[in-house]
Amino acid sequence: MIRIGLIREGKTPADNRVALTPAQCKWIHKNSTDVQIIVQSSPNRCFSDKEYRQAGIAVQDDVSACDVLFGIKEVPVSQLIPGKTYLFFSHTRKKQPYNQALFHAMMEQQITLIDYECLEHEDGQRIIGFGFFAGVVGAHNGMMAWGHRTGAYDLVRVHKQKSFHELIHTYFGLRIPAIKIAVTGSGRVAHGILEIMNLMGVHEVEPDEYLQRQYTYPVYTQLKGADLYRHRSSGAYNRTHFHEQPEEYIGHFLPYAHQTDVLMNGIYWDTNIPRLFEEKDILHPAFRIQTIADITDDAHGSVPINLGDQTIDNPVYGVDKVTLQKTAPYLPGSIDVMAVGNLPNELPRDASRYFGEQLIKYILEDLLRNQGSQVIQRATMLDKGKLTTHFDYLHDYAKER
């Protein structure tokens, strides 16, 4: 018998998502006689303790008897249980300094860490994540911000809707002026953005047409790697080479910045990848962007004027073009930035349901069988507290105290 525990989220602000919904837990019990799921009681989870109990799932405070523990966000050091196997988003694979103490604590407590972000198919595509709903909520909030700045329309807040289905109904009758929207990326986040663009009646155009034409109706273009980056010497783009040697490439986004009203940013970024633009570029007279939804949300990252996270209740701030200081949103001489680190929390039940489906479909069986799954091995950052060979590059991060 393998016991799986769904832990309560301990990070502040509290996250209300969960890895498995009550219905999914019930399905697992019905189809896997050697699995028992225990839910740690939580007042904040989007599915209540009562809903899990009604599905026949045990709810209790103590999950120390469980073999595998599923969370969402980072587990506070004080709440770690030594010797356990954890699955959550640790935000350590990029050597994030703010989680180094957590990484060290897991090493000291001989914890096995399987990071959701590192679960990948053979071709490197992420298997599970909340990116689609981050894209959905981020795109909505970006369009909401532009509507507030211009007074052209007024969108509802996502978190006040019960579901994605209910949110869609709020778009009936929405009329968006003739604006141009650039969508960056090609992964789950971008797919969520495109879903909202299409639901709002924004028309897709090709990147070259986007640069050359003005329109009498709202349009968006999707910019992928080949549209955003060029090799320094050859001027070409090769996806494999770019991922191996991104420092050899330069950004090619500025022509689009001169034709764009709203930027929806959904690209992956790391410190050796070129930014979309630099701070000085926003003072160029042709720089047209008024609103940025930085959905991938790397502070000072691909969007250099991302000055850090806002909250779900207050998702938008302004950045003064001259001083580059954070201001209230919608002021003259500023650019509005929507940057929130937990966007899927605005649609937590839908996001959790989607996440759990992928977890069951692609990961759960391998995890339970424990028969050397390559997918699981490649995502295991720590094995009983020891750094695995797949993450040797974290040696210094793991060693420093």
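Residues numbered from 1 in each chain as written. Predicted model: local features only at pLDDT ≥ 70, side-chain atom pairs only at ≥ 80, totals over all residues. Heavy atoms only, no water.

## A look at the pattern of salt bridges
Oppositely charged side chains can form a pair if their charged atoms are brought close together.
(1) Moving on: Summed over all chains, the structure comprises 13 salt bridges.
(2) Moving on: Measuring nitrogen to oxygen at the nearest pair gives 2.7 Å for the salt bridge that ties R8 to D61. In this pair, R8 is assigned in the loop between β1 (2-6) and α1 (22-31) and D61 in the loop between β3 (58-60) and β4 (68-70), connecting sequence segments 53 residues apart.
(3) Moving on: You can call D61 exposed: its relative accessible area is 53%.
(4) Moving on: As a salt-bridge pair, R369 and E365 come within 2.5 Å of each other at their nearest N and O atoms. Here the residue R369 and the residue E365 both occupy positions in helix α11 (residues 348-369), the gap between them amounting to 4 residues, near one helical turn.
(5) Moving on: You can call R369 exposed: its relative accessible area is 52%. (Salt bridge = Lys/Arg side-chain N within 4 Å of Asp/Glu carboxyl O. Helix = DSSP H or I, 4+ residues; strand = E, 2+ residues; numbered from the N terminus. Buried < 20%, exposed > 50% of the residue type's maximum accessible area, 1.4 Å probe, protein only.)

## Quick word on α1
(1) Moving on: Taken as a whole, α1 has its buried residues at P22, Q24, C25 and I28. Looking straight down α1, one finds that the buried residues subtend no more than 165° of arc, so they occupy a single side. Exposed side of α1, more than 90 degrees from the buried face: A23, K26 and K30 are the residues found there. (Arc of directions from axis to C-beta.)

## Here we look at the sheet that holds strand β14 (residues 316-320)
(1) Moving on: Taken in spatial order, the 8 strands line up as β8-β9-β7-β12-β13-β16-β14-β15 in an open sheet, and their pairing is mixed. Each edge of the sheet is formed by a strand with only one pairing partner; in this case those strands are β8 (203-204) and β15 (326-327). (Pairing = 2+ DSSP bridges.)

## A short note on the sheet that holds strand β17 (residues 380-383)
(1) Moving on: Ordered in space as β3-β2-β1-β4-β5-β6-β17-β18, the 8 strands form an open sheet in which the pairing is mixed. The sheet is open, and its two edges are formed by β3 and β18 (386-387), each paired on a single side.
(2) Moving on: In this structure, β4 lies alongside strand β5 (residues 85-88), joined through 3 bridges in parallel fashion. In the strand pairing of β5, F70 is matched with L87.
(3) Moving on: On top of the sheet, helix α3 (residues 100-108) reaches β5, β6 (112-115), β17 and β18; it is set at about 45° to β17, its chief contact. (Contact = heavy atoms within 4.5 Å. Axes fitted to C-alpha atoms, helices over the stretch in contact; angles between N-to-C directions.)

## What to know about unusual backbone geometry
(1) Moving on: The backbone of H91 sits at a positive phi, close to 50°, despite the residue not being glycine.
(2) Moving on: Along the chain, H91 falls in the loop between β5 and α3.
(3) Moving on: Phi at D297 takes a positive value of approximately 55°, unusual for a residue other than glycine.
(4) Moving on: Summarising the element assignment, D297 is placed in the loop between β13 (291-294) and β14.
(5) Moving on: Take D297: its relative accessible area is 15%, and that puts it in the buried class.

## Concerning the UniProt feature "binding site: NAD(+)" (unreviewed entry) in the protein
(1) Moving on: Sequence positions flagged by UniProt for "binding site: NAD(+)" (unreviewed entry) are, in local numbering, G187, R188, D227 and Y268.
(2) Moving on: In this structure G187 comes out as partly exposed when scored by relative accessible area, which is 30%.
(3) Moving on: Mapped onto the elements, Y268 comes out in the loop between β12 (262-265) and β13.
(4) Moving on: Assessed through its relative accessible area of 47%, Y268 is described here as partly exposed. (UniProt positions renumbered as here; feature names shortened; annotations may be inferred.)

## Digging into a negative patch on the surface
(1) Moving on: Together, E204, E206, D208 and E209 give the surface a local cluster of negative charge.
(2) Moving on: Among the secondary structure elements, D208 is positioned in helix α7 (residues 207-212).
(3) Moving on: According to the relative accessible area criterion, D208 is partly exposed, its value standing at 44%. (Patch = residues over 30% accessible without salt bridge, like charges linked within 9 Å, V, L, I, M, F, W, Y side chains within 5 Å. Areas by Shrake-Rupley, 256 points an atom, 1.4 Å probe, with all protein chains shown as cover. Lys, Arg positive; Asp, Glu negative; His and termini not counted. Charge placed at Lys NZ, Arg CZ, Asp CG, Glu CD.)

## Digging into empty space enclosed by the protein
(1) Moving on: The final tally for this structure, using the stated rule, is 1 cavity of 30 Å³ or more.
(2) Moving on: Reported here for the largest cavity is a volume of approximately 30 Å³.
(3) Moving on: Around the largest cavity sit L6, I7, E9, R17, V18, A19, F70, G71 and I72, which together line it.
(4) Moving on: Class assignment of the residues belonging to the lining of the largest cavity gives a composition of 6 nonpolar, 1 polar and 2 charged. (1 Å grid on protein atoms, 1.4 Å probe; cavity = no way out; pocket = protein on both sides within 12 Å on 5 of 7 lines; lining within 4 Å. Points joined across faces, edges and corners; volume = space filled by probe spheres on them. Nonpolar A, V, L, I, M, F, W, Y, C, P; charged D, E, K, R; others polar.)

## Details of the side chain of H231
(1) Moving on: Checked against the element boundaries, H231 lands in strand β10 (residues 229-231).
(2) Moving on: At 3.3 Å, the side chain of H231 forms a polar contact with the backbone nitrogen of S234.
(3) Moving on: Excluding anything up to four places from it in sequence, H231 contacts A236, H241, E248 and Y249. (Polar contact = N/O pair within 3.5 Å; in protein donor to acceptor, adjacent residues only side chain to side chain.)

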